[in-house]
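Topology and contacts: notes
Each chain, letter by letter, is given below.
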Amino acid sequence: MIDSDVSIDIKDLTRYYKGNHIPALDQVSLQVRKGDIFGLLGPNGAGKTTMIRILCGLLSPTNGEVTIEGYSLKNEKAFIRKIIGVVPQDIALYSSLTARENLSVYGGICGLKGRFLKERIKELLPVFGLEKSADRHVEHFSGGMKRRLNLIAGLLHMPRILFLDEPTVGIDVHSRNVILENLREINRNGTTMVYTSHYLEEAENLCSYITIIDEGRIITRGTLAEIMERSGSCTSLVDVFLSLTGKTLRD
Ligand SMILES: Nc1ncnc2c1ncn2[C@@H]1O[C@H](COP(=O)(O)OP(=O)(O)OP(=O)(O)O)[C@@H](O)[C@H]1O
Ligand SMILES: [Mg+2]
């Protein structure tokens with residue numbers, strides 16, 4: 001990959017958590033290409049959320065280097081925060097506020113204000129089917145509505161790069177469909193995405209590049225076609241996943 005094609009460059013990334021002598025990430029090196037939907041897959045505890053939290057600047061690595069769009073994560077975190085969006089695995093919303101109020105708070109954190117923020121909220125609520133619920137308190141929302149609102153919160157400032165940690169977990173087919181269709185559209189408009197999920201069929205359909213990690217290390221990577229070509233008799237990504245990670249439970 002030539003440098004101008006690279007969105008995220010990760011070199012030898014290692015992270016130990018306090019009290020654990022086994023690293024959650026173990027010298028991981030990878031590159032995310034601009035415009036890709038990069039699927040970061042792996043069993044429970046593989047290190048996916050650790051990786052996303054580091055890339056967003058929420059967690060420091062023990063070792064290793066990350067550059068995003070050519071900027072060093074270590075030295076230029078404030079700038080990087082402006083060009084990335086994060087949709088965390090654990091829904092982060094204020095239940096006593098309405099959908100619109102939640103988005104105002106998140107927009108404010110990203111430095112948006114006034115009319116622009118208002119318009120942006122007004123534009124995104126209907127895209128994710130929440131216009132009628134805009135002024136309802138989030139505590140009365142279904143799981144799918146919360147996921148969709150969580151997603152809007154990460155999109156308000158039009159990030160060039162979007163980190164999505166299990167954005168479709170635990171929701172019905174309709175919510176899933178709305179989320180995936182919109183993610184595709186946002187990607188077509190130029191946003192690079194790093195996406196984690198346990199729904200491997202979803203990843204097969206959505207991702208232009210896939211990396212599977214296990215116990216903090218990369219175990220395979222490539223386009224779906226490349227991974228399947230190397231996989232011998234496997235007929236799906238689920239087969240490949242089980243053959244590479246084994247069938248034992250992880251937690
Ligand atoms: N705050 C923490 N303190 C100690 N250990 C942690 C902490 N967070 C994660 N770990 C450990 O680090 C490893 C990687 O966890 P991580 O949450 O990154 O995995 P994951 O791939 O996101 O898993 P899941 O699919 O369950 O979300 C696991 O062994 C986990 O127990
Ligand atoms: Mg996780």
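See above for the structure.
Residues numbered from 1 in each chain as written. Chains lettered and ligands numbered in written order. Predicted model: local features only at pLDDT ≥ 70, side-chain atom pairs only at ≥ 80, totals over all residues. Heavy atoms only, no water.

Looking now at the coordination of the magnesium ion (ligand 2). By definition of the ideal shapes, a tetrahedral metal site with four donors has angles of 109.5 degrees and an octahedral site with six donors has angles of 90 or 180 degrees. Surrounding the magnesium ion (ligand 2) are the protein donor atoms Thr49 (OG1) and Gln89 (OE1), at 2.0 to 2.2 Å. Residue threonine 49 is located in helix 1 (residues 48-55), and its partner glutamine 89 is located in the loop between strand 6 (84-87) and helix 3 (99-109); the two are separated by 40 residues in the primary sequence. Threonine 49 gets classed as partly exposed once you look at its relative accessible area, which sits at 27%. (Donors = N, O, S within 2.8 Å, 3.2 Å for Na, K, Ca; no water. Helix = DSSP H or I, 4+ residues; strand = E, 2+ residues; numbered from the N terminus. Buried < 20%, exposed > 50% of the residue type's maximum accessible area, 1.4 Å probe, protein only.)

What follows deals with the packing of aromatic side chains. A full pass over the atoms with the stated rule returns 2 aromatic pairs. Seen in terms of ring centroids, phenylalanine 38 and tyrosine 209 are 5.7 Å apart; in terms of plane orientation they differ by 20°. Their pairing is stacked. One end of the pair, phenylalanine 38, is in strand 3 (residues 37-41); the other, tyrosine 209, is in strand 9 (residues 209-214), with 171 residues separating them in the sequence. Overall, the relative accessible area of 22% leaves tyrosine 209 in the partly exposed class. Ring geometry for tyrosine 71 against phenylalanine 79: centres 4.4 Å apart, planes inclined by 45°, an arrangement best described as tilted. On the basis of relative accessible area, phenylalanine 79 is assigned to the partly exposed category, the value being 31%. The cationic tip of arginine 176 hangs over the ring face of tyrosine 199; the distance from NZ or CZ to the ring centre is 4.1 Å. (Phe/Tyr/Trp six-rings, centres within 6.5 Å; stacked < 30°, edge-to-face > 60°. Lys NZ or Arg CZ within 6 Å of the ring centre and 35° of its normal.)

Once that is clear, we can look at the pattern of salt bridges. Inspection of every chain in the model, using the stated rule, returns 8 salt bridges. For aspartate 26, the salt bridge goes to arginine 217, with nearest N and O atoms at 2.7 Å. Taken together, the residues aspartate 26 in strand 2 (residues 25-33) and arginine 217 in strand 10 (residues 217-222) connect sequence positions 191 residues apart. (Salt bridge = Lys/Arg side-chain N within 4 Å of Asp/Glu carboxyl O.)

Let's shift gears to the sheet that holds strand 1 (residues 6-15). Strand order in the open sheet formed by 4 strands is 2-1-4-5, with antiparallel pairing between adjacent strands. In this open sheet, the two strands that pair with only one neighbour each are strand 2 and strand 5 (71-72). On top of the sheet, helix 1 reaches strand 1, strand 2 and strand 4 (63-68); it is set at about 120° to strand 1, its chief contact. (Pairing = 2+ DSSP bridges. Contact = heavy atoms within 4.5 Å. Axes fitted to C-alpha atoms, helices over the stretch in contact; angles between N-to-C directions.)

Another point: the sheet that holds strand 9. Read across the sheet, 6 strands follow the order 6-7-8-3-9-10 without closing on themselves; strand pairing throughout is mixed. With partners counted over all chains shown, the strands left at the sheet margins are strand 6 and strand 10, one partner each. Taking the axes of each pair of neighbouring strands and ignoring which way they run, one obtains an average angle of 15° across the sheet. Bridge analysis of strand 6 against strand 7 (residues 161-165) gives 4 bridges, and the strand direction is parallel.

As a further point, take helix 4 (residues 114-127). An ideal rise of 1.5 Å per residue puts 20 Å on 14 residues; helix 4 measures up with 21 Å between its terminal C-alpha atoms. Listed in full, the buried residues belonging to helix 4 are Leu117, Arg120, Ile121, Leu124 and Leu125. In an axial view of helix 4, the angular spread of the buried residues amounts to 125°, which keeps them on one side of the axis. Facing away from the buried side of helix 4, by more than 90 degrees, are the exposed residues Arg115, Lys118 and Lys122. Considering only its buried residues, helix 4 is in contact with helix 3 and helix 5 (143-155). Looking one or two residues past helix 4, glycine 129 carries a phi angle of roughly 65°, positive in sign. (Expected span 1.5 Å × (residues − 1). Arc of directions from axis to C-beta.)

The immediate surroundings of ligand 1 are formed by 14 residues, with Asn44, Gly45, Lys48, Thr50 and His198 found nearest. Threonine 50 has a polar side-chain atom sitting 2.5 Å from an oxygen atom of ligand 1. Within the side chain of glutamine 89, one N or O atom sits 3.1 Å away from an oxygen atom of ligand 1. Considered on its own, ligand 1 offers 630 Å² of accessible surface; in the complex 62% of this is hidden by protein. Counted by class, the shell around ligand 1 contains 4 nonpolar, 8 polar and 2 charged residues. (Near = heavy atom within 4 Å. Polar contact = N/O pair within 3.5 Å; in protein donor to acceptor, adjacent residues only side chain to side chain. Areas by Shrake-Rupley, 256 points an atom, 1.4 Å probe, with all protein chains shown as cover. Nonpolar A, V, L, I, M, F, W, Y, C, P; charged D, E, K, R; others polar.)

Further remarks concern helix 1. Along helix 1, 6 of the 8 residues are buried, which leaves the element largely enclosed by surrounding structure. Looking only at helix 1, the buried set comprises Lys48, Thr50, Met51, Ile52, Ile54 and Leu55. Following helix 1 by one or two positions, glycine 57 adopts a phi angle in the positive range, close to 80°.

Once that is clear, we can look at unusual backbone geometry. Positive phi values are uncommon outside glycine, yet glutamate 69 reaches one of about 50°. Mapped onto the elements of the fold, glutamate 69 is located in the loop between strand 4 and strand 5. Despite not being glycine, glutamate 215 shows a phi value in the positive range, around 50°. Within the secondary structure, glutamate 215 is located in the loop between strand 9 and strand 10.

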